[in-house]
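The chain contents come next:
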Amino acid sequence: MKQRSSTRVQKSRSLTVLVGTLAIGCSEAPEVEEVVRPVRYEAVLATGGSRVREFSGTAQAGLRSRLSFKVAGTVLRLPAQVGDSVAAGQLLAQLEPADYELAVREAVAGLSQATAQERRAGADYQRAQELWENNNLSRAELDAAQAADQSARAAVRAANQRLEMAQRQLGYTRLTAPVVGAISSVTADVGENVTAGQTVVELTSGSRPEVQVGIPEQLIAQVSQGSLVQVRFDAIPEESYQAVITEVGVAPTGAGATFPVIVQLKREDTAIRVGMAATVEFRFESSEQGEAIYVPPVAVGEDRDGRFVFVVEPEEPGFAITRRRAIVMGDPTLDGIQILEGLTEGELVVTAGVRRIRDGQRVKLLDEGER
């Protein structure tokens, strides 16, 4: 009896230790970190009515030329410096010319040899004609002398072409400015080997600068070439410049939903520099009464509680919190789904992955390049 009692006590202790070990193991299980899901989004814009909208852009030269050598080589001289004003024909860079000078000398020697052979073949053909006229030469020998003369003449023409190409390639070792302008960048150094076509100097020219901006897809149809806009520069806040729309993009830039539009200022101002931040003011006119808000169909979700969208509230750079927002929909159109209630202009709406996020979730905002 004592032995059985002792056995039961040992089993009971073992069970207690096992349960305690499992409890400790469960309590120390690591917490699973919540995955921060990336989302695409876009700003809500109202269309229709008559409105003034501003878009940010950057000043750029009216003409930008990326200049390169037509031949490969080692940079010998680089007199062009960033910010320099240059005249048409001014030397900007030069390659080591030794190899190309040698090619010219070889071509000159080849031409001299071909010319000598041409003279000898010509003289032989002339003598052959005289002998043939006196019946001292066969017709076959005369034809052979004529063929040799023609071949020598062709060799001279080929040698002349080789010399011309060698001289042209020697000239290509000098890079000059095609027009009056200013040096905006120099991408090579003295002693660096460059390939044919590799950009060495960037030249900006044109008296009237341009500004490029991105226009959302909801508004691009209302932008037309030749329309007037107003431009302001952060560095020149007291001035406003009238500009004309010169180019309207037909495809969005990158993976985003904005279309490039270029406007050109109508007057010159030496205070405007390439790269200055600018604000371009567009006036959109519409025959529609009032304004309407449209969102892409993929931005709208629906469950038993009704239709909704997710609005993102940025909390720190690159991250935001999602907020479910009940909406009232209008009719679907080519511009998207009309939102009658629930959204205001300027809010950021999730445009992909609506079914995989929830209210109050922390998400990563994809930048324009990733979207």
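Novice: Is there a simple way to think about the layout of surface pockets in this case?
Specialist: Taking a probe equal in size to a water molecule and rolling it over the atoms shows the remaining empty space. Approximately 590 Å³ is the volume attributed to the largest pocket. Lining the largest pocket are 22 residues; nearest its centre among them are Ala-182, Thr-204, Ile-272, Arg-273 and Val-274. Taken together, the elements giving at least two residues each to the lining of the largest pocket come down to strand 7 (85-86), strand 10 (181-186) and strand 12 (199-205). Per-element tally for the lining of the largest pocket: the top contributor is strand 10, with four residues. For the lining of the largest pocket, the per-class residue count stands at eight nonpolar, 11 polar and three charged.

Novice: Which parts of the structure should I look at to understand the packing of helix 2 (residues 98-133) against helix 3 (residues 139-171)?
Specialist: Each pair of packed helices gets described by two things: the angle between the helix axes and the distance between those axes. At a minimum axis distance of 8 Å, the contact between helix 2 and helix 3 shows a crossing angle of 160°. Here helix 2 is positioned roughly antiparallel relative to helix 3, judged by the angle of their axes. As helix 2 packs across helix 3, the resulting crossing turns out to be left-handed. Partitioning the contact of helix 2 with helix 3 into residue classes produces 21 nonpolar, nine polar and seven charged.

Novice: It is not clear to me how the pattern of salt bridges should be interpreted in this structure. Could you clarify?
Specialist: Pairing between side chains becomes possible if they bear opposite charge and their charged atoms approach one another. Within this structure, the stated rule accounts for 16 salt bridges. Among the ionic pairs, Glu-118 bridges to Arg-153, the shortest N-O distance being 3.8 Å. Taken together, the positions of Glu-118 in helix 2 and Arg-153 in helix 3 put the pair 35 residues apart, joining distant regions of the chain. For Arg-153, a relative accessible area of 42% translates into the label partly exposed. Arg-127 is paired through a salt bridge with Asp-124; the nearest N and O atoms lie 2.2 Å apart. On the criterion of helical spacing, the pair formed by Arg-127 and Asp-124 is a turn pair, its members being three residues apart in helix 2. Accessibility expressed as a relative area gives 45% for Arg-127, which makes it partly exposed. Here the residues in one salt-bridge network are Glu-54, Arg-232 and Glu-281, joined through shared partners.

Novice: Mind showing me how you'd approach the sheet that holds strand 7 here?
Specialist: Strand pairing in a sheet is mediated by backbone hydrogen bonds. Such pairs are either parallel or antiparallel. With respect to topology, four strands assemble into an open sheet ordered 5-12-10-7, the strand pairing being antiparallel. The sheet is open, and its two borders are formed by strand 5 (63-68) and strand 7, each paired with just one other strand.

Novice: Could you clarify how one ought to interpret the side chain of Thr-173 in this entry?
Specialist: Secondary-structure assignment places Thr-173 in the loop between helix 3 and strand 9 (174-176). Looking at Thr-173, its side chain comes within polar contact range of the main-chain oxygen of Leu-170, at 2.5 Å. Those residues in contact with Thr-173, other than ones at most four positions away along the chain, are Phe-69, Val-71, Ala-93, Gln-94, Leu-95, Pro-97 and Tyr-100.

Novice: Can you help me understand the nonpolar core in this one?
Specialist: Most often, soluble globular proteins have nonpolar side chains that are buried together. Ranked by internal contacts, the top residues of the largest apolar core, which has 26 residues, are Val-211, Ile-215, Val-231, Phe-233, Val-261, Val-263 and Phe-282. Elements supplying a minimum of two residues to this core: strand 4 (51-60), strand 13 (210-216), strand 14 (228-233), strand 15 (236-248), strand 16 (258-265) and strand 17 (277-284). Apart from the residues lying within four places of it in its own chain, the contact partners of Val-211 are Gly-57, Thr-58, Ala-59, Val-231, Phe-233, Val-261, Ile-262, Val-263, Leu-265, Ala-278 and Val-280. Core analysis: the second largest hydrophobic core is formed by 19 residues, Ala-80, Leu-95, Ala-177 and Ala-188 among them.

Novice: Sorry, what's going on with the sheet that holds strand 11 (residues 193-194) here?
Specialist: If you walk across this open sheet you meet the four strands as 9-8-6-11, and the pairing is antiparallel. The open sheet has two edge strands with one neighbour each: strand 9 and strand 11. As judged from the three bridges shared by strand 8 (residues 91-95) and strand 9, these two strands associate in the antiparallel manner. What sits directly across from Leu-91, in strand 9, is Thr-176.

Novice: It is not clear to me how helix 3 should be interpreted in this structure. Could you clarify?
Specialist: Owing to its 3.6 residues per turn, the α-helix brings residues three or four apart onto one side. Taking 1.5 Å per residue, 33 residues should reach 48 Å; helix 3 reaches 48 Å between its end C-alpha atoms and fits that length. Within helix 3 the residues assigned to the buried category are Leu-142, Ala-145, Asp-149, Ala-152, Val-156, Ala-159, Leu-163 and Ala-166. Lining the buried residues of helix 3 we find helix 2.

Rules of the game
Within every chain, residues take consecutive numbers counted from 1 along the sequence as written. In keeping with the model being predicted, local features are shown solely for residues with a pLDDT of at least 70 and side-chain atom pairs are shown and tallied solely at 80 or more, while totals for entire chains, interfaces and linings include all residues. Remark: hydrogens and water are excluded; side-chain values derive from all non-hydrogen atoms of the structure. Using only the protein atoms, space was sampled on a 1 Å grid; points where a 1.4 Å probe fits but cannot get out form cavities, open sets with protein on both sides within 12 Å along at least five of seven lines form pockets, and lining residues are those with an atom within 4 Å of a point. Grid points are joined across faces, edges and corners, and a volume is the space filled by probe spheres set on the points. By definition, any uninterrupted DSSP run of H or I lasting at least four residues is a helix, any uninterrupted run of E lasting at least two residues is a strand, and each is numbered from the N terminus. Here the term charged refers only to Asp, Glu, Lys and Arg, the term nonpolar to Ala, Val, Leu, Ile, Met, Phe, Trp, Tyr, Cys and Pro, and the term polar to all other amino acids, Gly among them. In this analysis, axes come from line fits to C-alpha atoms, helices being fitted only over the stretch in contact, and the angle between any two N-to-C directions falls in the range 0 to 180 degrees. When an angle is under 35 degrees it counts as roughly parallel; over 145 it counts as roughly antiparallel; between 65 and 115 it counts as roughly perpendicular; any other value is oblique. For a crossing to be left-handed, the near helix must be turned anticlockwise from the far one by less than a right angle; the clockwise case is right-handed. In the sections that follow, a salt bridge refers to a side-chain nitrogen of Lys or Arg positioned within 4 Å of a carboxyl oxygen of Asp or Glu. Exposure categories follow from relative accessible area, calculated using a 1.4 Å probe and restricted to protein chains: below 20% of the type maximum is buried, above 50% is exposed, and the middle band is partly exposed. Note on pairing: DSSP must find at least two bridges between two strands before they are called paired. Polar contacts here mean pairs of N or O atoms no more than 3.5 Å apart (in protein, one a potential hydrogen donor and the other a potential acceptor; neighbouring residues in sequence count only if both atoms are side-chain atoms). Residue contacts are counted whenever heavy atoms from the two residues lie within 4.5 Å of one another. Buried residues of nine kinds, namely Ala, Val, Leu, Ile, Met, Phe, Trp, Tyr and Cys, make up a nonpolar core once their side-chain atoms join them within 4.5 Å. Expected span, for any helix, means 1.5 Å times one less than how many residues it has.

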